[in-house]
Amino acid sequence: MKIRSIRSRIMQLTLLLALIPLLIVMLFCIFSSYFSAINTSKKDMGIMADLASEYVEWEFNTYLAYAESAGMNPTLSDPNVGDKEKLSIMNDLAEQNGMKRGNLIKLDGVEVTGGSDFSDRDYFKESMKGNKCVFNPTVSRLTGEIIQIVAAPLWENGVKG
């Protein structure tokens, strides 16, 4: 009996001595993998954020170019063309360029067809200074939806001054 119990104790001790280093190595591998995955994810998220930022900037610049191009359309500044026709042209240009709709605002800040006053809006003020601009999302006075405004001045005879 004693031989058997010495044998079982030696086996238990050997097994215990083998399992402890194995457990330590296993825990090291788990924590190492965890922190490696976290660091890789942070780097990847930074890269993705940079790419998304560049894409958004490219989109804004594209929309600014569309707005500026519309502002250089001589038909839109022609006094012989009616407001409804001008608005139709603006909406066609907006739709062709992936925008929801176009709008024309007169020099006094009043919209050509609806009569809404936009003279207090920053995008109107900037356009009146001759600047094209993209503004932070805002609530539309016309629809109540959250919209992104892209604005540019309308140049007389389509010639940028």
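Look up: the structure comes first, before these words.
Along every chain, residues carry numbers that run from 1 in the direction the sequence is written. Residues qualify for local features only when their pLDDT is at least 70, as the model is predicted, and side-chain atom pairs are given and counted only at 80 or more; totals for whole chains, interfaces and linings, by contrast, use all residues. Hydrogens are left out, water is left out, and the side-chain values use all remaining heavy atoms of the structure.

Asks: Tell me about the overall build of the protein, residues and numbers included.
Replies: Numbering of helices and strands runs from the N terminus, with a helix taken as a DSSP run of H or I at least four residues long and a strand as a DSSP run of E at least two residues long. Across its full length, the protein carries 4 helices and 4 strands. Along the chain direction, N to C, the helices and strands of the protein fall in the order α-α-α-α-β-β-β-β. For a compact globule of 161 residues, the expected C-alpha radius of gyration is about 15 Å, and the protein comes in at 33 Å, more than 25% above that figure. Over its C-alpha atoms, taken along the principal directions, the protein stretches across nearly 115 × 30 × 25 Å. Note on classification: 1.4 Å probe, protein chains only; a residue is buried when its accessible area is under 20% of the maximum for its type, exposed when over 50%, partly exposed between these limits. When each of the 161 residues of the protein is scored for burial, the buried share is 20%. Counting contacts in the protein only where the partners sit at least 6 residues apart, residues at least 24 apart contribute 37% of the total. Our radius of gyration is a C-alpha quantity, and the globule rule it is checked against amounts to 2.2 Å times the number of residues to the power 0.38. We call two residues in contact when some of their heavy atoms are within 4.5 Å.

Asks: Tell me what's going on with the pattern of salt bridges, and back it up with residues and numbers.
Replies: Should the charged atoms of two oppositely charged side chains come close, the side chains can pair. Every case where a carboxyl oxygen of Asp or Glu lies within 4 Å of a side-chain nitrogen of Lys or Arg is listed as a salt bridge. Throughout the structure, instances matching the rule amount to 4 salt bridges. The shortest N-O distance in the salt bridge between D83 and K106 comes to 3.8 Å. Note that D83 is positioned in helix α3 (residues 83-96) and K106 in the loop between α3 and α4 (122-128), a separation of 23 residues in sequence.

Asks: So, a nonpolar patch on the surface: which residues are in play, and what are the values?
Replies: Nonpolar side chains collect at one region of the surface, where L23, M26, L27, I30, F31, Y34, F35 and I38 lie side by side and expose about 790 Å² of accessible area between them. With respect to the helices and strands, the residue M26 is situated in helix α1 (residues 2-71). M26 gets classed as partly exposed once you look at its relative accessible area, which sits at 46%. Surface patches are drawn from residues lacking salt bridges whose relative accessible area is over 30%; two like charges belong together within 9 Å, two nonpolar side chains (Val, Leu, Ile, Met, Phe, Trp, Tyr) within 5 Å. Here the open area of atoms and residues is found with the Shrake-Rupley method and a 1.4 Å probe, where only the protein chains shown may cover a residue.

Asks: Can you tell me about the packing of aromatic side chains, naming the residues and giving the values?
Replies: We describe a pair of aromatic rings using the distance from one ring centre to the other and the angle between the two ring planes. Any pair of Phe, Tyr and Trp rings, taking the six-membered ring for Trp, is counted once the centres come within 6.5 Å. Such a pair is stacked with planes under 30 degrees apart, edge-to-face with planes over 60 apart, and tilted for the rest. Here the structure, examined in full by the defined rule, presents 5 aromatic pairs. One aromatic cluster is present, built from ring pairs that chain together F118, Y123 and F135.

Asks: Give me the lowdown on α3, citing residues and values where you can.
Replies: How far a helix is expected to stretch is found by multiplying one less than its residue total by 1.5 Å. The first and last C-alpha atoms of α3 sit 20 Å apart over 14 residues, in line with the 20 Å expected at 1.5 Å per residue. Every buried residue of α3 is listed here: K86, L87, M90 and A94. The buried residues of α3 occupy one face: seen down the axis, they fall within an arc of 95°. Residues of α3 that are exposed and point over 90 degrees away from its buried face: K84, E95 and Q96. Here, the arc refers to the directions that run from the helix axis to the C-beta atoms.

Asks: Tell me what's going on with the environment of E145, and back it up with residues and numbers.
Replies: Secondary-structure assignment places E145 in the loop between β2 (138-139) and β3 (146-147). The class for E145 is partly exposed, based on a relative accessible area of 36%. In this structure, E145 is in contact with K100, T138, V139 and S140, ignoring residues within four places of it in sequence. What qualifies as a polar contact is a pair of N or O atoms within 3.5 Å, subject to a donor-acceptor requirement within protein and to the restriction that residues adjacent in sequence count only when both atoms come from side chains. Within polar-contact distance, the side chain of E145 engages the side chain of K100 at 2.5 Å.

Asks: Lay out the side chain of N73 with the relevant residues and their values.
Replies: Among the secondary structure elements, N73 is positioned in the loop between α1 and α2 (74-77). Overall, N73 belongs to the buried group, its relative accessible area being 19%. Within the structure, the side chain of N73 is placed 3.0 Å from the backbone nitrogen of T75, a separation counted as a polar contact. Apart from the residues within four sequence positions on either side, N73 is in contact with I89, L93, L154 and G158.

Asks: Give a description of the environment of Q148 that names residues and reports values.
Replies: The residue Q148 is located in the loop between β3 and β4 (150-151) in this model. Put simply, Q148 and S33 are 115 residues apart on the chain and 43 Å apart in space, counted from C-alpha to C-alpha. Among residues more than four places away in sequence, those in contact with Q148 are F60, V134, F135, N136 and P137.

Asks: Give a description of the side chain of S140 that names residues and reports values.
Replies: Position of S140 relative to the elements: it lies in the loop between β2 and β3. One polar contact links the side chain of S140 to the main-chain amide nitrogen of T143, over a distance of 3.1 Å. Excluding anything up to four places from it in sequence, S140 contacts E145 and I147.

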